[in-house]
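Letter by letter, the chains look like this.
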Amino acid sequence: MNKAKKWLSLSLSGALLLGLLAGCGGGSETTPAPETTAPVEETAPSEPVAGGILRYGTDSEPTGFDPHTVSEEASLRVINQLYETLVATNADMTFYGELAESWEIPDDVTYIFHLRQGVKFHSGREMTAEDVVYTFDRVLGKTEAGDIGALGSSSSYFGGIESVEALDPYTVQFTLAEPNAAFLNNLTSNYGAIVDKDVIEANGDLMRADGGTGPFQLGEWLPDNYVELTKFADYWEADRVVLDGITYYLIGDESARLAALRTGEIDIANLSSTNVTAAEEEENLAVLGYQTNDYIAMGCNLSTPALQDKNVRQAMSYALDRQAIINIVYNGQAAVSSMVPPAMGHWSLDVSTMDLYQFNLDKAKELMEAAGYSEDNRLALKLAAGLMDSLRQAAVVIQQQLAQIYIDVEITNLESGEYVDIWGKMSTPEAGFDLMVVSDGAGTDPNRAISFFFGSTASANVFGFSNERVDELCALGIATTDEAQREEYYNEAQEICIDDCTKLCIASPMKYFVTSTRVHGFSPSAADSSNFRDTYLTQ
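What you are looking at is a predicted structure, and each value in this text was computed from that prediction instead of being measured.

S.K.: How would you explain the nonpolar core if you had to name every residue and give the values?
M.R.: One recurring pattern in soluble globular proteins is that nonpolar side chains are buried together. Counting residues in hydrophobic clusters, the biggest one holds 114 residues, and the most contacted among them are Leu86, Phe113, Phe174, Met316, Leu402 and Ile450. Here this core gets six residues from one element, more than from any other, and that element is helix H11 (residues 389–402). Once residues within four sequence positions are removed from consideration, Phe174 is found in contact with Leu86, Val109, Thr110, Tyr111, Phe113, Val132, Phe136, Ile161, Ser163, Val164 and Phe183. Val78, Ile268, Leu288 and Phe522 belong to the second largest nonpolar core, which has 35 residues in total.

Take a look at the structure:
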């Protein structure tokens, strides 16, 4: 590590020690849910200053950078700079071509994409239609590597692809087994990011390698310290990208991130609503907020005998004072949510009046007693949480609330790599945990929000939920483009999942970036919160 990096690392460590702990307020008094708003536009200098390194304070350690197998947030922040997809979404959720210049849909199961010419991988090799074919063969387990555990391999994503063919070097045709109303939307996910076959063959996978086409390429990764990215000189929109690079510094404590922003040691970080007010008082800092399509939830490991009893799961739902959790964890800046968050508009059910979303200790105790529990026979459960501030804080509040209904919860805060490993085992005894607090992204289509997490064979259905009617409804919803009919199918699916209580959804938060006032051209949204192509720094 050079002297400058070493100094910054030591200085940030000092900030971690000196930072004040974020304050938390409790109570179940209702705080109005925030309205969905676009990021506030800034008044920027007329001319950007070329170059510079954006210093990003990140809250947790990445686990690796394979876009097809990794889903945790710290890794995705980096992955989204390295990789690109055929299609992407604007802030208003409309589609635009990224690696595909255009496309046509001659019938309801055929999609033909015309690729941009001259796009290069970070290896220097040109991307062609054969790379698109290889990418989806890899996702679907059709390469020599076989099943790699790709998160996009399920029917809710790309499992319905019948074939992918290169018609010429810059034209690729997808043929689906049946109509899929969410197919274009699915292609915007990093689970379908186009990858470099040669890099994978040389490295085995992409966890520590870079096989992308994005505006930045992977530099040095020093675990538990930083990840360096450098500008890709041969990027197909190279003239658009001003920054010389991005360095992600691991600063797990939020108060330390705020301290580092104040002193100018970093340029940007995510902060919770608890610390946003303090940041707004600083003349050298700016706050950018947006309503997310994410939500936090508590999942039940159905291999735990006690949690196979629906009475116990429903009792926990009644015992969760969701508004109190919102007030404490998000300073009131979140909305009570199902697995289809309110920001998804008409696809989302209004859960505020649903019985299982009402805080009702009497009903919760009644159900627990029906299951055989009492003060003299309490249920002990182990809960896993990640090191993200919101998950850690939510776990503590949940522990306190469940204690009121004869449930004693033991919390373990896991490191990122261990958390992801346990997450994948949460329907089995091997997980070693009965409950897990998770932060999930619903995407922009209801099929992703429901089928991806609740489909019986879905790759992100990690808690063991299985319901034939939900599977049937998702299959019906994906097969039609009639929005009213789709809404009816997915509403019923939501109601079934809510009643089952395998995954107790809690809240969908606002998210906040705090930046130095020298950062310009960054406009996060629910569609894309990590696009730094137009970002630049001033002195």
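S.K.: Give a description of the packing of aromatic side chains that names residues and reports values.
M.R.: Pairs of aromatic rings are described using the distance from one ring centre to the other and the angle between the two planes. Considering all chains together, one arrives at 21 aromatic pairs under this definition. Taking 5.7 Å as the distance between ring centres and 65° as the angle between the ring planes, the aromatic pair formed by Tyr157 and Phe158 counts as edge-to-face. Here Tyr157 matches Phe158 in class, with each residue buried. In textbook terms, an aromatic cluster arises when at least three aromatic residues are bridged by ring pairs, as seen for Trp103, Tyr111, Phe113, Phe136, Tyr157, Phe158, Phe174, Phe183, Tyr191, Phe452 and Phe453. Arg322 extends its terminal NZ or CZ atom over the ring of Tyr357, reaching a point 4.1 Å from the ring centre. Above the face of the Phe453 ring, Lys503 is positioned so that its terminal group lies 4.2 Å from the ring centre.

S.K.: So what's going on with the state of the cysteines? Residues and values would help.
M.R.: Taken as a whole and judged by the stated rule, the model has zero disulfides. Of the cysteine sulfurs around Cys505, a residue in no disulfide, the closest is that of Cys497, at 8.4 Å. Taking relative accessible area as the criterion, Cys505 reaches 2% and is therefore assigned buried.

S.K.: Talk me through the confidence of the model for the chain; I want residue IDs and the actual numbers.
M.R.: Any segment with low pLDDT has predicted coordinates that should not be analysed in fine detail. Per-residue confidence for the chain gives a mean pLDDT of 90, with 91% of residues at or over 70. Taken together, the stretch residues 1–44 has pLDDT below 50 and engages in 75 contacts with residues farther than four places along the chain or on a different chain.

S.K.: How would you sum up helix H14 (residues 468–478)? Please name residues and give values.
M.R.: The periodicity of an α-helix, 3.6 residues per turn, causes residues three or four positions apart to be oriented the same way. Among the residues making up H14, those that are buried are Val470, Leu473, Cys474, Gly477 and Ile478. Considered in projection along H14, the buried side chains sweep an arc of 130° and stay on one side of the axis. On its buried side, H14 packs onto helix H13 (446–454) and helix H15 (483–500). Backbone nitrogen of Arg469 and a side-chain oxygen of the N-cap are separated by 2.9 Å at the start of H14; the cap is Asn467.

S.K.: So what's going on with the packing of helix H8 (residues 310–319) against helix H10 (residues 361–370)? Which residues, and what values?
M.R.: Orientation of H8 relative to H10, taken along the N-to-C sense of each, is 160°, at an axis distance of 8 Å. Classified by the interaxial angle, the pair formed by H8 and H10 is roughly antiparallel. The two elements H8 and H10 cross, and the hand of that crossing is left-handed. Across the interface between the two elements, Asn311, Val312, Gln314, Ala315, Tyr318 and Ala319 from H8 touch Leu361, Lys363, Ala364, Leu367, Met368 and Ala370 from H10.

S.K.: Which residues make up H11, and what are the values?
M.R.: Look at H11: 20 Å from first C-alpha to last across 14 residues, which is about the 20 Å you get at 1.5 Å a residue. Most of H11 sits out of view: 10 of its 14 residues are buried. Within H11, the full set of buried residues consists of Asp389, Ser390, Leu391, Gln393, Ala394, Ala395, Val397, Ile398, Gln401 and Leu402.

S.K.: Which residues make up the sheet that holds strand S5 (residues 110–115), and what values go with them?
M.R.: The strand order across the open sheet built from four strands is S4-S5-S7-S6, with neighbouring strands paired in antiparallel fashion. Sheet topology places strand S4 (100–107) and strand S6 (161–168) at the edges, where each strand pairs with a single neighbour. The sheet shows a mean angle of 20° between the axes of neighbouring strands, taken without regard to direction. As paired elements, S5 and strand S7 (residues 171–176) share five bridges and run antiparallel to each other. Across the sheet, His114 pairs through a bridge with Thr171, a residue of S7. Along the sheet, helix H3 (residues 129–139) contacts S5, S6 and S7; its crossing angle with S6, the most-contacted strand, is approximately 165°.

Rules used throughout
- Residue indices follow the written sequence of each chain, beginning from 1 at its first position.
- Side-chain atom pairs in this predicted model are given and counted only at pLDDT of 80 or more, local residue features only at pLDDT of at least 70, and totals for whole chains, interfaces and linings cover all residues.
- Side-chain measures were taken over the full set of non-hydrogen atoms in the model, leaving aside hydrogen atoms and water.
- Grouping buried Ala, Val, Leu, Ile, Met, Phe, Trp, Tyr and Cys residues that are joined through side-chain atoms within 4.5 Å yields what is termed a nonpolar core.
- Relative accessibility under 20% of the residue-type maximum defines a buried residue, over 50% an exposed one, and the middle range a partly exposed one, all with a 1.4 Å probe and only protein chains included.
- Each helix is a run of H or I in the DSSP string that is no shorter than four residues. Each strand is a run of E no shorter than two, and both are numbered from the N terminus.
- By definition in these notes, contact holds between two residues if any of their heavy atoms fall within 4.5 Å.
- Working definition: rings of Phe, Tyr and Trp (its six-membered ring) pair if their centres are within 6.5 Å, and the pair is stacked with planes under 30 degrees apart, edge-to-face with planes over 60 apart, and tilted otherwise.
- Put simply, a charge is over a ring when the Lys NZ or the Arg CZ is close to the ring centre, within 6 Å, and near the line of the ring normal, within 35 degrees.
- Here, a disulfide means two cysteine sulfur atoms that sit within 2.5 Å of each other.
- The pLDDT value expresses, per residue, how confident the predictor is, ranging between 0 and 100.
- Throughout, the arc means the angular range of directions from the helix axis out to the C-beta atoms.
- Under this definition, polar contacts are N or O atom pairs within 3.5 Å; protein pairs additionally need one hydrogen-donor-capable and one acceptor-capable atom, and for neighbouring residues in sequence, both atoms have to be side-chain atoms.
- For helices, the fitted axis covers only the stretch in contact; all axes are lines through C-alpha atoms, and the angles between them, taken along N-to-C directions, range from 0 to 180 degrees.
- Orientation labels follow simple angle bins: below 35 degrees gives roughly parallel, above 145 gives roughly antiparallel, 65 to 115 gives roughly perpendicular, and whatever is left gives oblique.
- Note: crossing handedness is left-handed where the near helix turns anticlockwise from the far helix by less than a right angle, and right-handed where it turns clockwise.
- Expected span of a helix, by definition, is 1.5 Å for each gap between consecutive residues, and there is one gap fewer than residues.
- Two strands qualify as a pair provided DSSP detects at least 2 bridges between them.

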